[in-house]
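# A structural walkthrough
For reference, the chains in residue letters:
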Amino acid sequence: MFNRERTRRHMTDGAFASPFPVEDPVALAALEVAQSGLAAAVRALADATVRTRVAAPDLAAVAEQVETLTARLLAEAQEGPLGLETDSAGRLRDHGNAMVGMRNPIAPPLVVTGDESGSTSCALTLGAGYEGPPGYVHGGIVAAVLDQVLGSVPAHLGLPGMTAYLNTTYRRPTPLGAPLHCRGWVERVDGWKVHARGEIRDAQDLVTAEAEALFVVPRWAREHLDRPTGDAAGTAPGGEAAQEPSAS
Ligand SMILES: CCCCCCCC(=O)SCCNC(=O)CCNC(=O)[C@H](O)C(C)(C)COP(=O)(O)OP(=O)(O)OC[C@H]1O[C@@H](n2cnc3c(N)ncnc32)[C@H](O)[C@@H]1OP(=O)(O)O
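Just so you know, the residues in each chain are numbered from 1, in the order the chain's sequence is written. Confidence filtering applies because this is a predicted model: local features only for residues at pLDDT of at least 70, side-chain atom pairs given and counted only at 80 or more, and all residues used for totals across whole chains, interfaces and linings. The side-chain numbers reported here are obtained from all heavy atoms of the structure, hydrogens and water having been left aside.

## Quick word on the pattern of salt bridges
Defined as follows: What counts as a salt bridge is simple: a side-chain nitrogen of Lys or Arg found within 4 Å of a carboxyl oxygen of Asp or Glu.
According to the stated counting rule, one finds nine salt bridges in the structure shown. As a salt-bridge pair, Arg 201 and Asp 205 come within 3.8 Å of each other at their nearest N and O atoms. Each of Arg 183, Glu 199, Arg 201 and Asp 205 takes part in salt bridges that share partners, so that together they form one network.

## Some points on the side chain of Gln 35
Rule in force here: For the purposes of this entry, the term helix denotes a DSSP run of H or I that reaches at least four residues, the term strand denotes a run of E that reaches at least two, and both are numbered from the N terminus. Contact between two residues is taken to exist if any of their heavy atoms lie within 4.5 Å; hydrogens are not considered.
Position of Gln 35 among the secondary structure elements: in helix H2 (residues 25-51). Among residues more than four places away in sequence, those in contact with Gln 35 are Met 102 and Arg 103.

## As for the site of the ligand
Our working rule: In this text, near means that some heavy atom of the residue lies within 4 Å of the molecule or strand in question. Between N or O atoms, a polar contact is any pair within 3.5 Å; within protein, one atom must be a potential hydrogen donor and the other a potential acceptor, and residues adjacent in sequence are included only when both atoms are from side chains. We get accessible surface area from the Shrake-Rupley algorithm with a probe of 1.4 Å; when it comes to residues, only the shown protein chains can shield them.
Surveying the vicinity of the ligand reveals 16 residues, the closest of which are Asp 147, Thr 163, Lys 193, Pro 218 and Arg 219. One of the backbone N or O atoms of Thr 163 is found 3.1 Å from a nitrogen atom in the ligand. Between the ligand and the protein, one listed contact pairs an oxygen atom with a side-chain N or O atom of Lys 193 at 2.8 Å. Out of a free accessible area of 1100 Å², the ligand has 55% covered by protein chains. Elements supplying a minimum of two residues to the shell around the ligand: helix H4 (139-156), strand E5 (162-170), strand E8 (207-216) and helix H5 (219-222).

## A word on the confidence of the model for the chain
Heads up, the condition is: Each residue carries a pLDDT value, the predictor's own confidence for that position, ranging from 0 to 100.
Confidence in the prediction of the chain, expressed as mean pLDDT, is 88, and 85% of residues score 70 or more. Counting interchain partners and residues more than four positions distant, the pLDDT-below-50 stretch residues 227-248 has 49 contacts. In the predicted complex, the global pTM is 0.88; the interface-specific ipTM is 0.96.

## Overview of the pairing of E8
Spelled out, the test is: Only protein chains enter the accessibility calculation, which uses a 1.4 Å probe; a residue is then buried when its area is under 20% of its type maximum, exposed when over 50%, and partly exposed in between. By this definition, two strands are paired if DSSP reports at least two bridges between them.
In terms of residue burial, E8 counts as a mostly covered element, since seven of its 10 residues are buried. Here E5 runs beside E8; their pairing, made up of eight bridges, is antiparallel. Looking across to E8, one finds that Thr 169 is bridged to Glu 210. Relative to E8, strand E7 (residues 193-201) runs antiparallel, the two being bridged by nine bridges. By the bridge assignment for E8, Lys 193 is matched with Val 216.

## So, the sheet that holds E5
Spatially, E3-E4-E6-E7-E8-E5 is the arrangement adopted by the six strands of the open sheet, whose pairing is antiparallel. Because the sheet does not close on itself, it has two edges, and the strands there are strand E3 (113-114) and E5. When strand E6 (residues 180-190) meets E7, the two strands line up antiparallel, connected through nine bridges. Along E7, the bridge assignment pairs Asp 190 with Lys 193.

Below, the structure written as structure tokens:
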């Protein structure tokens, strides 16, 4: 049975406590620093790749070096996507997530904060790699940011759901390379369904985009919610992992 209070306790930061104990949290924390450091370096590489004006021979030489580095990383790599992993703080994290994944150079990465009232917030600046119209953020990226920040609303309520719909209205172009602020809030909770709203504002505090969305806890996840084993935003809880984690 779903136990909302207990689920809340396990999701104080929008992520479940992991049922899998971490053998060596200190070593894992050091690995996480290295992983996020690599992602940051590759993110900077992607930005430089978009903006560089160096000549063709230099580009070819850099491409060769990058290919060598890619082969080095693939010497030991898992098949397929990352999914959920237990972090050094004992929480289940989606480190490969395209918006918040600390191991993902494609992710800005967003740092979304929130509270148990379901209000969420995120400060961000998007660079050249997210361009759509010249000088402005791609509309799909704008929607992805809103999806993530609004999607954190149900997670903070203890009702982690998948996006059933996200209706985005673009009020004015969202500038690249300038500070932005995105926030989300609850409009209505209806059983397993959470209606959320949110907006992105620019540095002049003007709304550039707003969205209203429905997040639904999938049927397959509902029976597991009092046994937190996964983030219902994207991953089916595994049966054998469904054991009682310690409260946090
Ligand atoms: C911290 C985490 C942040 C995460 C933010 C990012 C989240 C994501 O991007 S998730 C990825 C994108 N979304 C998806 O891939 C979802 C794909 N869709 C699905 O999996 C399913 O359709 C899902 C889960 C939405 C609902 O399916 P299911 O669990 O079978 O429930 P279902 O019976 O169809 O619907 C449940 C209720 O929701 C309603 N509903 C479902 N979809 C919709 C919709 N599009 N519009 C209106 N109502 C809907 C149903 O009418 C039903 O209502 P009621 O209970 O009142 O009869």
